[in-house]
Amino acid sequence: MAERLIELRNIKKSFGRVYALGGVSLSIDKGEVVGLVGDNGAGKSTLIKILAGVVKPTSGEILVRGTPVSGWNAARSREAGIETVFQDRALAVQQSIVRNIFMGRELAGRFGWLKLGREVREAQRLMREIGFTSRVFTPRSIVGQLSGGERQGVAIARAIYNEADLIILDEPTTALSLTETAKVFHFVRQVKASGRSILFIGHNIHHVYDIADRFVVLDRGAVALEADRAEVRSAEALIAFMEDVAHPQRTPASSAASLRAS
Amino acid sequence: MTHSVGAKTGETSATGAQAFSGAEHPFTRFIDANRAPLGTLAVFLVMMGVFLTANPRVFSEWNIYRSVLTTLPVALFLVVPLVFVVTSGEIDLSFPATMGFSAWMFALVVQAGFSPYLGIVAALATGMILGLIVGSIVVYFNLSSLVATLGMNFMLRGVIQIVTEGKSIALTSLSQSPARTIFSSDVFGVPTQILWGVAFVVFSAFLYNRHRFGAQVKIVGDNPDSARQMGIDVDLVRVKTFVFVGFGAALAGIFSTLINFTWWPTAGDGYLLPALASVFVGGTPTWGGVGTVVGGAIGALIVSFIQTGVVGAGLSGFYVQFFNGLIIILSLIGHRWNQARYR
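Predicted model, so just to flag it, every value in this text is computed and none were measured.

The rules we used
- Residues numbered from 1 in each chain as written.
- Chains lettered and ligands numbered in written order.
- Predicted model: local features only at pLDDT ≥ 70, side-chain atom pairs only at ≥ 80, totals over all residues.
- Pairing = 2+ DSSP bridges.
- Helix = DSSP H or I, 4+ residues; strand = E, 2+ residues; numbered from the N terminus.
- Core = buried A, V, L, I, M, F, W, Y, C linked by C-beta atoms within 7 Å.
- Buried ≥ 20, exposed ≤ 12 C-beta atoms within 10 Å, placed from the backbone.
- Domains from an automatic or database assignment.
- Contact = placed C-beta atoms within 7 Å.
- Nonpolar A, V, L, I, M, F, W, Y, C, P; charged D, E, K, R; others polar.
- Axes fitted to C-alpha atoms, helices over the stretch in contact; angles between N-to-C directions.
- Parallel < 35°, antiparallel > 145°, perpendicular 65-115°, else oblique.
- Left-handed = near helix turned anticlockwise from the far one by under 90°.

It is worth spelling out the pairing of strand β2 (residues 18–29) of chain A at this point. All names here are of chain A. As paired elements, strand β1 (residues 4–15) and β2 share nine bridges and run antiparallel to each other. Paired with Ile6 across the bridge in β2 is Ile28. Counting the residues between successive antiparallel strands, the hairpin from β1 to β2 contains two residues, one of them, Gly16, with a positive phi of roughly 65°.

Moving on: the nonpolar core. Nonpolar side chains in soluble globular proteins tend to be buried together. In terms of nonpolar packing, the biggest core is built from 171 residues, with Ile167(A), Phe200(A), Leu78(B) and Val79(B) touching the most fellow members. Viewed by domain, this core spans two of them, domain 1 (4–231) and domain 2 (233–262) of chain A, each represented by three or more residues. Once residues lying within four places of it in the same chain are set aside, the contact partners of Leu78(B) are Phe95(B), Met99(B), Gly248(B), Ala249(B), Ala252(B), Tyr271(B) and Ala275(B).

A word on the domain arrangement of chain A. All names here are of chain A. With domains assigned, chain A is organised as domain 1 (4–231) and domain 2 (233–262). Put simply, the middle of domain 1 and the middle of domain 2, counted by C-alpha atoms, are 28 Å apart. On the domain 2 side, the residues contacting the eleven residues of domain 1 number nine residues. Looking at the side of domain 1 that touches domain 2, the elements that each hand over two or more residues are α7 (205–211), β9 (214–219) and β10 (222–228). Each residue belonging to the side of domain 1 that touches domain 2 can be placed in one class, and the counts come to seven nonpolar, one polar and three charged.

Quick look at the interface of chain A and chain B now. Accessible area lost upon the coming together of the parts is a frequently used measure of interface size. At the junction of the two partners, chain A supplies 25 residues and chain B supplies 30 residues. When the residues that make up the side of chain A that touches chain B are grouped by side-chain class, the tally is twelve nonpolar, eleven polar and two charged.

So, about the sheet that holds strand β8 (residues 197–201) of chain A. All names here are of chain A. What the six strands build is an open sheet, ordered β6-β7-β8-β3-β9-β10; its pairing is mixed. At either margin of the open sheet sits one strand with a lone partner, and together these are β6 (82–85) and β10. Taking each pair of neighbouring strands and ignoring which way they run, the sheet shows an average axis angle of 15°. Relative to β10, β9 runs antiparallel, the two sharing six bridges. What sits directly across from Arg214, in β10, is Asp228. Along the sheet face, helix α8 (residues 235–246) touches β3 (33–38), β9 and β10 and points at about 20° away from the line of β9.

Attention now goes to the packing of helix α6 (residues 95–111) of chain B against helix α7 (residues 116–140) of chain B. Residues and elements named next belong to chain B. Viewed as axis vectors pointing N to C, α6 and α7 meet at an angle of 150°, and their least axial separation amounts to 8 Å. With respect to their mutual orientation, α6 and α7 come out roughly antiparallel. Taken as a pair, α6 and α7 cross one another with a handedness that is right-handed. On the side of α6, the interface is formed by Thr98, Phe101, Ser102, Ala103, Met105, Phe106, Val109 and Val110, while α7 contributes Pro116, Leu118, Gly119, Ile120, Ala122, Ala123, Thr126, Gly127, Leu130 and Gly131. Along the lines of polarity and charge, the residues of the contact of α6 with α7 split into twelve nonpolar, six polar and no charged.

Below, the structure is given as structure tokens:
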């Protein structure tokens, strides 16, 4: 049994009288890629914002390595080893790759003078670790010269610099071409190979199906399905299931059964 | 650069590959990292070439250069910190009044019979406090820096005029002081103040390129939201740039007073537009996130030289403004073509 990294128990979140999340439980093990899917308004964003500590849950429990954590916030989340790569990637595109990776935590000596050589070497190591190697780009290259997938790589490299155990990727393949998406998948696999866990949020079910070890389908603030990769026949089956959940023609139980039949 | 804007697709990154095939070569890397200041230097050299051709006799004499080097440092102390403010995505139009105000404090201390060194400390403290006030008003009240600093410029100048009733302060004792020898005299025909000016530029260039402060100034100007997300205190960084302008304005005020032995209530007023022009002629763009300290310094050199140069080349003083404008426009076009803008 793999080590349990983080566990959400019965998380509820309401905005006024509207329930965004109505009791969601979710756990992530060490070294596992969890794909989180669901329609618009299913509660995906709220859930990851809660994990990142940006949004406080109305009720529910968060456990880090089996221990409940009280007063969960952004700082606690980072202490627990969670790094979030938000959809907009938060990059400064006129700056170099190094400056983006060390944004806000520059390696500097006592008087604030930068240790540029060390930063470049560290950046090189991080980029190699996620397989972001290129004869064309060096850590000193400007981020604005990079393609979307490569920019995503910079954001991921920045996230793993903090020795993060769990990286949350919010829609990392949105608006990317096929080759760029492949690049991001490559980074994700490398991060996984280094023993870290990933929570992968995606609109494109095919993308999520390709990369995840386990799927969690959210629907209207509740977990509609949690299934290992081996239990799901194909991306199409997953899509069919989600359509069924959204517009039920049969009972969810029977559609879940059809999903698992192989 | 050929791969100018929005490299979003695989094709553009392929163009990038061609443009960067020589990225490993130190010389190429140097050129690439210093396009803006090198472009500004080219503008300066072309301009000097024109002047030299127009009147070889005047421009082969040291005197004309010495007269420029005497007053150039005052501009350098103003222009260089402005590069930081513009890079952070703000603007400061209050520096002329801050310069006059700080120099006023210097003049009052010296006039009261205290050491000029004490006067320097008082002026620097005044400049930094005024910078702190201006910066805090802009940042914490969330005002447009363009308008707010313009208002502060009027207000501070107003305070000077109300209190002094327009009277200047003569400081004849300064001509005998050792402070004058250190900061404003001649060593083998070279004005000492230019050495201080250059030292300030070199220090600031390191601050801009090799210090956490410079790195954060650029990030804040580039993408303040990301900076905030990554834990940078965006407001504090912005306020610091205004304090730095106050510091530079005080230095400018001290040096201009040391050169003239007199403080005028209008001290600094004439620097508003030339100093701003120097920043942009130097290659720092208006949109924030990038800039160049050395380019700004060369920009100040260009702007300082135009007046001397136009007259020295045999044209009447009426041509100065026209050439000022011409150089500004040509530089901007040159920088637009020379530097790529990334979004």
